[in-house]
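# What the coordinates show
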Amino acid sequence: MAPSNKAEAISYFRDVWAERPEAAIGSVIIEFLASHIESRNLPITTFFDVAKQYSAQENSAIINVINYLSGADLHLLKADFELIENDEIFFLDSDQVTAAQDKGVNPKTGEFDPEVTNKIFLCFTPSDMAKKVLRK
Amino acid sequence: METFSPNFSLRGLEQLIAADPISRNMVWRLSASSYAEFVNVLYKDLDLVISELELNPQHYQNDCEDKLTAFIISMLKMKGYDASHGTTGGGSKDITVNGSAPSWSWIGEAKIYNSITDLREGFLQLSTRYRNVDPLKSCGGLLAYTRREYAADLMDKWKKAVGKIPLRNFRVCPCPSRDRLGFISVHDHISSGLPFEVRHLAICLYHRPLDKSGRTAKKYQDKS
């Protein structure tokens, strides 16, 4: 889906989610993205704070919205993975994420690390589509 | 922006979404970097969606093919897939799923499995009419909605029948996640000459309970 503006994006989002709580959460988050279109590397908690300022929401519904906006249907969020260790941040590619998830390989050391998935975090940046569609 | 919620790691996120039917497999979807990985996680997600249908078959007894397929497309969309019905590419496909890369597509044909002929026609549409975006990345699926008993036996019959269709280099292999309710076939696509892989799946919607309420309910008696 390639909406031409923010209103279309929100309308499409609401059509997909209908009466579910995600419909309202998504509208709030899309408005937030429009107001913070140059943001980079937002932690997932940013969206929790945005949604919960609007009203109390279940974590699972908020994650469903983030998951959806990071997907191919209405791609407004570009997701990246970062390893945070000893106050240093390393951005990971897909192969490194898979190796960490599947085999516990620490992308920095290349060795088995049972805690590696506790050191990897998702972060989000408005996508190219978001910048085109949501910019005022 | 100042944040108040505690951040959570990949492990924390996985624990949070493990039981959620929509965002489960989120990390796999986001980290898929090849067509094979896209299809692999799509199949995990499709199996979850099919389970949702099979969990309450009583709700779907009177639904037509299009309505059942619309449910599947809706659930795939909520998971973030660019899933649609009726998109062209040789004809009006039942299901098209596009991935985050332009050349990643998966096409599906859905039929109510009343007879072998129904599935045969669906399979022929899929394998000789419709097209993926990229012939080098060609996977599809045949979804068989079964409202008759013993879906596994019905799939065995279909597996024998599809083997008789003259297709170059046709071979079959198991579908471990669906046991006898699914199998995978590969043959050389008639247009490109390249392998076209099809996942054949039964979706079990038979519902005729034999307990006392089931035996006496009018809606089940009308079926006999």
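For the structure, see preceding data.
Residues numbered from 1 in each chain as written. Chains lettered and ligands numbered in written order. Predicted model: local features only at pLDDT ≥ 70, side-chain atom pairs only at ≥ 80, totals over all residues. Heavy atoms only, no water.

### Let's talk about the overall build of chain A
Along chain A, the regular secondary structure elements total six helices and four strands. Taken from N to C terminus, the helices and strands of chain A fall in the order α-α-β-α-α-β-β-α-β-α. Just so you have it, chain A exposes about 6200 Å², and 49% of that area is on carbon and sulfur atoms. Averaged over its 13 positive side-chain charges, chain A has a centre that lies 6 Å from the centre of its 21 negative ones. (Helix = DSSP H or I, 4+ residues; strand = E, 2+ residues; numbered from the N terminus. Areas by Shrake-Rupley, 256 points an atom, 1.4 Å probe, with all protein chains shown as cover. Lys, Arg positive; Asp, Glu negative; His and termini not counted. Charge placed at Lys NZ, Arg CZ, Asp CG, Glu CD.)

### Describing the overall build of chain B
Helices and strands together make up the secondary structure of chain B, namely eight helices and seven strands. Over its C-alpha atoms chain B spans a radius of gyration of 19 Å, differing by no more than 12% from the 17 Å that the globule rule assigns to 224 residues. Overall, the C-alpha framework of chain B stretches about 65 × 50 × 30 Å when taken along its three principal axes. Within chain B, buried positions represent 50% of all 224 residues. In chain B, once contacts between residues fewer than 6 apart in sequence are set aside, the share between residues at least 24 apart is 59%. Total accessible area computed for chain B in this model is approximately 10700 Å², and 53% of it derives from carbon and sulfur atoms. Counting 30 positive and 25 negative side-chain charges, chain B places the centres of these two groups 5 Å from one another. (Rg over C-alpha atoms; globule rule 2.2 N^0.38 Å. Buried < 20%, exposed > 50% of the residue type's maximum accessible area, 1.4 Å probe, protein only. Contact = heavy atoms within 4.5 Å.)

### Here we look at the interface of chain B and chain A
Chain B puts 34 residues into the contact, and the matching count from chain A is 41 residues. Counting the contacts that link chain B with chain A gives two salt bridges. For K77(B), the salt bridge goes to D73(A), with nearest N and O atoms at 3.2 Å. Elements with a minimum of two residues in the side of chain B that touches chain A: α1 (10-17), α2 (26-31) and α4 (65-78) of chain B. Looking at side-chain class alone, the side of chain B that touches chain A contains 15 nonpolar, eleven polar and eight charged residues. (Salt bridge = Lys/Arg side-chain N within 4 Å of Asp/Glu carboxyl O. Nonpolar A, V, L, I, M, F, W, Y, C, P; charged D, E, K, R; others polar.)

### Things to note about the sheet that holds strand β3 (residues 105-112) of chain B
Residues and elements named next belong to chain B. Spatially, seven strands are ordered β1-β2-β3-β4-β7-β6-β5 in an open sheet, and the strand pairing comes out mixed. Looking at which strands have only one partner, the edges of the open sheet turn out to be β1 (82-84) and β5 (171-174). Each strand of the sheet is rotated relative to its neighbour by a mean of 20°, with strand direction disregarded. Pairing geometry for strand β4 (residues 139-146) and strand β7 (residues 195-204), over eight bridges, is parallel. Within the sheet, the bridge partner assigned to L142 lies in β7 and is H200. Its contacts with the sheet place helix α3 (residues 35-55) against β2 (95-98), β3, β4 and β7, and it is angled at close to 15° to β7. Contacts between helix α6 (residues 151-162) and the sheet are confined to β4, β5, β6 (182-188) and β7, with β7 contributing the most and set at about 155° to the helix. (Pairing = 2+ DSSP bridges. Axes fitted to C-alpha atoms, helices over the stretch in contact; angles between N-to-C directions.)

### Quick word on the side chain of K79(B)
Along the chain, the position of K79(B) falls in the loop between α4 and β1. When sequence neighbours within four positions are dropped, the list of residues in contact with K79(B) reads N67(A), P21(B), I22(B), R24(B), R29(B), D45(B), L48(B) and V49(B).

### As for the packing of aromatic side chains
Residue and element names in this part refer to chain B. Applying the stated criterion to the full structure yields twelve aromatic pairs over all chains. Each ring, one from Y60 and one from F71, has its centre 5.8 Å from the other, and the planes form 55°; the classification is tilted. With Y60 in the loop between α3 and α4 and F71 in helix α4, this pair connects stretches of sequence that are eleven residues apart. Judged by relative accessible area, Y60 falls into the buried class, the value being 13%. A connected cluster of aromatic rings, assembled from ring pairs, spans Y35, F38, Y81 and W104. In this structure, R148 packs its charged tip against the face of Y113, placed 4.9 Å from the ring centre. Taking NZ or CZ as reference, R199 lies 4.3 Å from the ring centre of Y43, over its face. (Phe/Tyr/Trp six-rings, centres within 6.5 Å; stacked < 30°, edge-to-face > 60°. Lys NZ or Arg CZ within 6 Å of the ring centre and 35° of its normal.)

### With respect to the pattern of salt bridges
For the structure shown, the criterion picks out 19 salt bridges over all chains. The salt bridge partner of K78(A) is D80(A), with a shortest N-O separation of 2.8 Å. Residue classification places K78(A) among the partly exposed positions, given a relative accessible area of 41%. Taking the shortest distance from any N to any O, the salt bridge between E54(B) and R178(B) comes out at 2.8 Å. Separated by 124 residues along the polypeptide, E54(B) in helix α3 and R178(B) in the loop between β5 and β6 bring together distant segments of the chain. Take E54(B) and R178(B): they sit in the same class, and that class is buried. Within this structure, E85(A), E88(A), K108(A), D113(A) and K119(A) form a network of salt bridges that share partners.

### Comments concerning a positive patch on the surface
All names here are of chain B. Together, R148, K157, K159, K160 and K164 make up a positively charged patch on the protein surface. Considering the arrangement of structural elements, one finds K160 in helix α6. For K160, a relative accessible area of 60% gives the class exposed. (Patch = residues over 30% accessible without salt bridge, like charges linked within 9 Å, V, L, I, M, F, W, Y side chains within 5 Å.)

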